[in-house]
Amino acid sequence: MFTHDKKFKPFTGKVWLATPTMHGEELKWMTDAFNKNWMSTVGENINEVERLTAAKIGCKYAVALSCGTAALHLAVKLAGIKRGDKVFCSDMTFSATLNPVVYEGGVPIFIDTERDTWNMDPVALEKAFELYPDVKHIVMANLYGTPAKMDELRAVADRHGAVIVEDAAESLGATYKGKQTGTFGDIGIISFNGNKIITGSSGGMLLTDDIEQANKARKWSTQSREAAPWYQHEELGYNYRMSNVIAGVIRGQLPYLEEHIAQKKAIYERYKAGFKGLPVVMNPFDGKNSAPNYWLSCMLIDGDAMCKHVRGEMEACYVKQSGKSCPTEILETLAAYNAEGRPIWKPMHMQPIYRNNPFVTVEGDGRAKTNAYIAGSGVDVGMDIFNRGLCLPSDNKMTAEQQDTVINIVRACFE
Ligand SMILES: *Cc1c(COP(=O)(O)O)cnc(C)c1O
């Protein structure tokens, strides 16, 4: 419940979490598609964005698709996930990471998060293979633009002969040991959704070094036509190809990826400096091995600085305590000033739809635990970050002055 008196002037224009940032060239390439009447799912823009993306990312093939979720769906099929297969999936992520596993009849087994990068915990993953030695597939995400512990995850996967699908939807442009995310999985995907670091308004790509996978993805995405004079089908098809108009937007955006990352990084660092002295930390990353794209700036409140705060299935409530705060208070206060924050992705093992799926965590005594642990008194890492964390306004058009006000609003929540 919002109880603060207004200490600052509310923003006249809304300060957003993350919105598209256009530069002008997008319109040029969309118009080019229009003028040449390439208004469908073939054309120069598509060819160019595939070429430019593969070159930027350092993979052999990038297949342009209608969205990141479509790319994940084809990736899951290419990886060979079939009805009844158990699949190790990131737990704290957007549901789109693993929905395609379920489209194909796979059964997600959720792997808890580690605290260093907020991604899939390699230790929990190893434990999961002890519990489910037959699993052959891993679907993992790089959350908020921060690369996961890829070497460790890869080592575990290789030890057990498992394939990795890497969801780099949020991490386009981020690097791990100098290599772009999206190249660490056996198959990778990126997204050009409207709130991502660059956007086509929608769109996504499948990334691979395997020409057969790339050709299959192209074929499946265009309804699986065989090379016959009529509509001939040997395989199930999908209408997942990217539009040449959307590709025009992406073609105009691609030259600005690094600029957007620099702006997002500046936002992250301004928050970090602005929160000095508060009992909070920013979303962490491995500064030695990785360079995030800083897509969203997030903060985590120290446990002993949390006021009384409970979240039910659909609503939250808290008790204001001096010197303390909680995500609900901060998000409600930001909203009252016309600024948009967001809770951390609610972990999948906490979602009603996945309540009966197994979940593996090693928090506590380091022993693998399943859902029974949650039913008891313990709190796993994902649940803990969800309880204490939030996403801050991270729009790259937010001015330094606006951001300073956001910082002051957050500071006031701890008074
Ligand atoms: C945005 C997102 C997706 C889905 O991408 P769309 O292009 O919106 O379908 C998948 N995974 C994660 C982690 C995302 O943030």
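Residues numbered from 1 in each chain as written. Predicted model: local features only at pLDDT ≥ 70, side-chain atom pairs only at ≥ 80, totals over all residues. Heavy atoms only, no water.

Participant: Kindly report on the overall build of the protein, identifying the contributing residues and their values.
Facilitator: The helix and strand inventory of the protein stands at 13 helices and 17 strands. A compact globule built from 415 residues would reach a C-alpha radius of gyration of about 22 Å, and the protein, at 22 Å, matches this within 12%. Structurally, the protein occupies a C-alpha span of about 75 × 55 × 40 Å along its principal axes. Counting every position in the protein, which comprises 415 residues, the buried fraction comes to 56%. In the protein, 70% of the contacts between residues at least 6 apart in sequence involve partners at least 24 apart. Of the roughly 17,200 Å² of accessible surface on the protein, a fraction of 54% belongs to carbon and sulfur atoms. Distance between charge centres in the protein, computed from 46 positive and 49 negative side chains, equals 2 Å. (Helix = DSSP H or I, 4+ residues; strand = E, 2+ residues; numbered from the N terminus. Rg over C-alpha atoms; globule rule 2.2 N^0.38 Å. Buried < 20%, exposed > 50% of the residue type's maximum accessible area, 1.4 Å probe, protein only. Contact = heavy atoms within 4.5 Å. Areas by Shrake-Rupley, 256 points an atom, 1.4 Å probe, with all protein chains shown as cover. Lys, Arg positive; Asp, Glu negative; His and termini not counted. Charge placed at Lys NZ, Arg CZ, Asp CG, Glu CD.)

Participant: Describe in detail the environment of Lys 6, supporting the description with residues and values.
Facilitator: Mapped onto the elements, Lys 6 comes out in the segment before helix 1 (25-35). Take Lys 6: its relative accessible area is 45%, and that puts it in the partly exposed class. Leave out the neighbours within four places in its chain, and Lys 6 touches Ala 336 and Tyr 337.

Participant: So, the packing of helix 2 (residues 44-57) against helix 8 (residues 244-253): which residues are in play, and what are the values?
Facilitator: Orientation of helix 2 relative to helix 8, taken along the N-to-C sense of each, is 45 degrees, at an axis distance of 7 Å. Comparing the axis directions of helix 2 and helix 8 gives the class oblique. Relative to helix 8, the crossing made by helix 2 is left-handed. Residue-level contacts link Glu 44, Asn 45, Ile 46, Glu 48 and Val 49 of helix 2 to Asn 244, Ala 247, Gly 248, Ile 250 and Arg 251 of helix 8. Here the contact of helix 2 with helix 8 is composed, by residue class, of four nonpolar, three polar and three charged. (Axes fitted to C-alpha atoms, helices over the stretch in contact; angles between N-to-C directions. Parallel < 35°, antiparallel > 145°, perpendicular 65-115°, else oblique. Left-handed = near helix turned anticlockwise from the far one by under 90°. Nonpolar A, V, L, I, M, F, W, Y, C, P; charged D, E, K, R; others polar.)

Participant: Please set out the site of the ligand residue by residue, giving values where relevant.
Facilitator: If you check the shell around the ligand, you find 15 residues, and the closest are Thr 69, Asp 167, Glu 170, Ser 191 and Lys 196. In this structure, an oxygen atom belonging to the ligand sits 2.7 Å away from a main-chain N or O atom of Gly 68. A distance of 2.6 Å separates a nitrogen atom of the ligand from a polar side-chain atom of Asp 167. Considering the ligand on its own, with 380 Å² of exposed area, one finds that the protein chains cover 95% of that surface. Top contributing element to the shell around the ligand by residue count: helix 3 (residues 68-78), with three residues. (Near = heavy atom within 4 Å. Polar contact = N/O pair within 3.5 Å; in protein donor to acceptor, adjacent residues only side chain to side chain.)

Participant: Run through unusual backbone geometry, naming residues and quoting values.
Facilitator: A positive phi angle, close to 70 degrees, is found at Gln 223, a residue other than glycine. With respect to the secondary-structure elements, Gln 223 resides in the loop between helix 7 (211-221) and helix 8. Judged by relative accessible area, which is 38%, Gln 223 ranks as partly exposed. Not every positive phi belongs to a glycine, and Tyr 294 is a case in point at roughly 55 degrees. As for its placement among the helices and strands, Tyr 294 is situated in the loop between strand 11 (290-291) and strand 12 (298-301).

Participant: Quick rundown of helix 8? Include the residues and the values.
Facilitator: Within helix 8, ten of the ten residues are buried, leaving the element largely enclosed by the surrounding structure. The inward-facing, buried residues of helix 8 abut helix 1, helix 2 and helix 9 (257-274). Regarding helix 8, its N-cap is Ser 243, as a side-chain oxygen of that residue lies 3.0 Å from the backbone nitrogen of Val 245 further along.

Participant: Account for the confidence of the model for the protein, naming residues and giving values.
Facilitator: Counting all residues, the mean pLDDT for the protein is 95, and 95% of those residues have values of 70 or more. Segment residues 370-377: pLDDT under 50, and 16 contacts once partners within four positions in sequence are set aside and those in other chains are kept. (pLDDT = per-residue confidence, 0-100.)

Participant: I'd like a description of the sheet that holds strand 7 (residues 179-180), backed by residues and values.
Facilitator: Pairing is antiparallel in the open sheet, where three strands are placed in the order 7-6-11. At either end of the open sheet lies a strand with only one pairing partner, and these are strand 7 and strand 11. Two strands pair when backbone bridges link them, and strand 6 (residues 175-176) and strand 7 are joined in this way by two bridges, in the antiparallel orientation. By the bridge assignment, Tyr 176 is partnered in strand 7 with Lys 179. (Pairing = 2+ DSSP bridges.)

Participant: Before we move on, could you go through the packing of helix 10 (residues 327-336) against helix 13 (residues 400-413) and cite the residues and values that matter?
Facilitator: Put simply, helix 10 and helix 13 touch, their axes get as near as 10 Å, and they point 135 degrees apart. In terms of axis orientation, helix 10 runs oblique to helix 13. Pair helix 10 / helix 13 crosses with right-handed handedness. Note on element contacts: helix 13 touches helix 10 through Val 406, Ile 409, Val 410 and Cys 413, opposite Glu 329, Ile 330, Thr 333 and Leu 334. When the residues that make up the contact of helix 10 with helix 13 are grouped by side-chain class, the tally is six nonpolar, one polar and one charged.

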